[in-house]
Amino acid sequence: MSENENAGENLAEKVKRKFGKNVFEAPMNAHSKIKHVYGIVSGKGGVGKSLVTSMLAVKLSKMGKKVAILDADITGPSIPKSFGITEHAFADEEGMNPVLTKTGIEVMSINLILPDEESPVIWRGPAIAGTVKQFWSDVKWGDIDYMFVDMPPGTGDVPLTVFQSLPVEGIFIVTSPQELVSMIVSKAVNMADRMKINTLGIIENYSYAICPDCGKHIEIFGKSHVQEAADKYGLPVLENIPIDTRFALAADKGEIEDIDIPYLGKAIELINE
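Read on for an overview of the structure. In this text the structure is predicted, and so the values were computed from the model without any measurement.

Parameters at a glance
- Residues numbered from 1 in each chain as written.
- Predicted model: local features only at pLDDT ≥ 70, side-chain atom pairs only at ≥ 80, totals over all residues.
- Heavy atoms only, no water.
- Helix = DSSP H or I, 4+ residues; strand = E, 2+ residues; numbered from the N terminus.
- Rg over C-alpha atoms; globule rule 2.2 N^0.38 Å.
- Buried < 20%, exposed > 50% of the residue type's maximum accessible area, 1.4 Å probe, protein only.
- Contact = heavy atoms within 4.5 Å.
- Areas by Shrake-Rupley, 256 points an atom, 1.4 Å probe, with all protein chains shown as cover.
- Lys, Arg positive; Asp, Glu negative; His and termini not counted.
- Charge placed at Lys NZ, Arg CZ, Asp CG, Glu CD.
- Pairing = 2+ DSSP bridges.
- Axes fitted to C-alpha atoms, helices over the stretch in contact; angles between N-to-C directions.
- Left-handed = near helix turned anticlockwise from the far one by under 90°.
- Salt bridge = Lys/Arg side-chain N within 4 Å of Asp/Glu carboxyl O.
- Phe/Tyr/Trp six-rings, centres within 6.5 Å; stacked < 30°, edge-to-face > 60°.
- Arc of directions from axis to C-beta.

Considering the overall build of the protein
Scanning the protein for helices and strands turns up nine helices and 12 strands. Compactness check: the protein gives a C-alpha radius of gyration of 18 Å against a globular reference of 19 Å for 273 residues, within 12% of the reference. Overall, the C-alpha framework of the protein stretches about 60 × 40 × 40 Å when taken along its three principal axes. Scored against the burial criterion, the 273 residues of the protein give a buried share of 53%. Summarising the internal contacts of the protein: among those between residues at least 6 apart in sequence, 77% fall at separations of at least 24. For the protein, the accessible surface area stands at approximately 13,000 Å², while carbon and sulfur atoms represent 51% of it. The positive charge centre, built from 27 side chains, and the negative charge centre, built from 37, are 6 Å apart in the protein.

Listed below in structure tokens is the structure:
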């Protein structure tokens, strides 16, 4: 953490000890009642974090839970595309209304309020962080059992804002099999620890490919190092997701809700009441 981030963290802890609350916590919209909030994070980009977020949301929704996704990746949003959302969010005097997917998952993303999905977000950190807080405070989420916050990679403004401003119960770390997994996991775990956020476990994506002819598992990115990183911090490896073109195609077509998802059972068990 930078000196400024540490100072903010220390101030938050002092205020919490003195007044019994987090002074940085953003107020929930008066028309929202959200039971559980979980963050999906990674120390680097390109590991399929948004796909994992979408899978978790779809699985819980199919179990009859009321689910929402807050897309906090302001400069690289991909959640709307995975669900085939093309309409725009609209606001009224009570706040902003999230957009519903075809199975009823509530979504708020910067792409739902931009003129079109190809419009770039060329903002500085404070503006981006402020938008994330507005997605929490200004959106009328209604009654939600589980909200997943899809965060941008790294340990910058947005993860710091989410950890300080939202009542995050825990995070899932998404990574890939390469040797640099230890660095990726370390960054995410250490930030969560400093912000007093519980790390629930690690989800490895792109673990292997399955040969269509013989069924053999082929480690395209080499031998996995995720267990070593998990053991270092005493964390469980909750899933080793293979490279499966069905999910990439479904996300590209906006049909992630239409396919059966056989992965992430252990992660769901951890949080499902």
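Re the pairing of strand 2 (residues 67-71)
Summarising burial for strand 2: five of the five residues are buried, a large majority. With burial as the criterion, each face of strand 2 is covered, one bearing Val67, Ile69 and Asp71 and the other bearing Ala68 and Leu70. Alignment of strand 2 against strand 6 (residues 106-108), held across three bridges, turns out to be parallel. Bridge pairing links alanine 68 to glutamate 106 in strand 6.

What about the sheet that holds strand 8 (residues 170-175)?
Within a beta sheet, neighbouring strands are joined by backbone hydrogen bonds and run either parallel or antiparallel to one another. Strand order in the open sheet formed by eight strands is 5-6-2-7-1-8-9-12, and the pairing between neighbours is mixed. Both edges of this open sheet fall to strand 5 (99-100) and strand 12 (237-240), since each of them pairs with a single strand only. Strand direction decides the pairing type here: strand 1 (residues 32-41) and strand 7 (residues 142-150), joined by eight bridges, are parallel. When the sheet's bridge partners are listed, lysine 33 is paired in strand 7 with aspartate 143. Sheet contacts for helix 2 (residues 49-62): strand 1, strand 2, strand 7, strand 8 and strand 9 (198-204); angle to strand 7, the most-contacted strand, approximately 155°. Sheet strands in contact with helix 7 (residues 226-233) are strand 8, strand 9 and strand 12, and its direction is about 170° off that of strand 12.

Digging into the packing of helix 4 (residues 125-137) against helix 5 (residues 157-165)
One way to put it is that helix 4 packs onto helix 5 with a least axis distance of 9 Å and a crossing angle of 35°. Where helix 4 crosses over helix 5, the two elements pack in a sense that is right-handed. Contacts from Gly125, Pro126, Ile128, Ala129, Val132 and Lys133 in helix 4 reach Asp157, Val158, Thr161, Val162 and Ser165 in helix 5.

What to know about the pattern of salt bridges
The tally for this structure, following the rule as stated, stands at six salt bridges. With a closest N to O distance of 3.3 Å, glutamate 94 and lysine 140 form a salt bridge. With a gap of 46 residues between them, glutamate 94 in the loop between strand 3 (90-92) and strand 4 (95-97) and lysine 140 in the loop between helix 4 and strand 7 connect regions that are remote in the sequence. With a shortest N-O distance of 3.0 Å, lysine 102 and aspartate 258 are connected by a salt bridge.

A few points about the packing of aromatic side chains
For the structure shown, the criterion picks out five aromatic pairs. Taking 6.5 Å as the distance between ring centres and 35° as the angle between the ring planes, the aromatic pair formed by tyrosine 38 and phenylalanine 148 counts as tilted. Here phenylalanine 148 lies in strand 7 and tyrosine 38 lies in strand 1, a separation of 110 residues in the sequence. Taking the centre distance of 6.3 Å and the plane angle of 45° together, the rings of tyrosine 38 and phenylalanine 172 count as tilted. Linking tyrosine 38 in strand 1 with phenylalanine 172 in strand 8, this pair joins segments that are 134 residues apart in sequence. Each member of the pair tyrosine 38 and phenylalanine 172 is classed as buried. By the ring-pair criterion, three or more aromatic residues cluster together here, those being Tyr38, Tyr146, Phe148 and Phe172.

Concerning the environment of aspartate 150
The topology assignment puts aspartate 150 in strand 7. Residue aspartate 150 is classed as buried on the basis of its relative accessible area, which comes to 0%. Sequence-wise, aspartate 150 and isoleucine 128 are 22 residues apart; in three dimensions their C-alpha atoms are separated by 14 Å. If near-sequence neighbours (up to four positions away) are discounted, aspartate 150 is found in contact with Ile40, Lys49, Ser50, Thr53, Leu70, Asp71, Ala72, Asp73 and Ile79.

Structural notes on the side chain of asparagine 111
Tracing the backbone through its elements, the reader meets asparagine 111 in the loop between strand 6 and helix 4. Overall, asparagine 111 belongs to the buried group, its relative accessible area being 14%.

Considering helix 7
Those residues of helix 7 that fall on the buried side of the exposure criterion are Val226, Ala229 and Ala230. Along the axis of helix 7, the buried residues cluster in a sector spanning 100°; they form a single face. Seen from the buried face of helix 7, the exposed residues on the opposite side, beyond 90 degrees, are Glu228, Asp231 and Lys232. Positive backbone phi, approximately 65°, marks glycine 234, located one or two places after helix 7.

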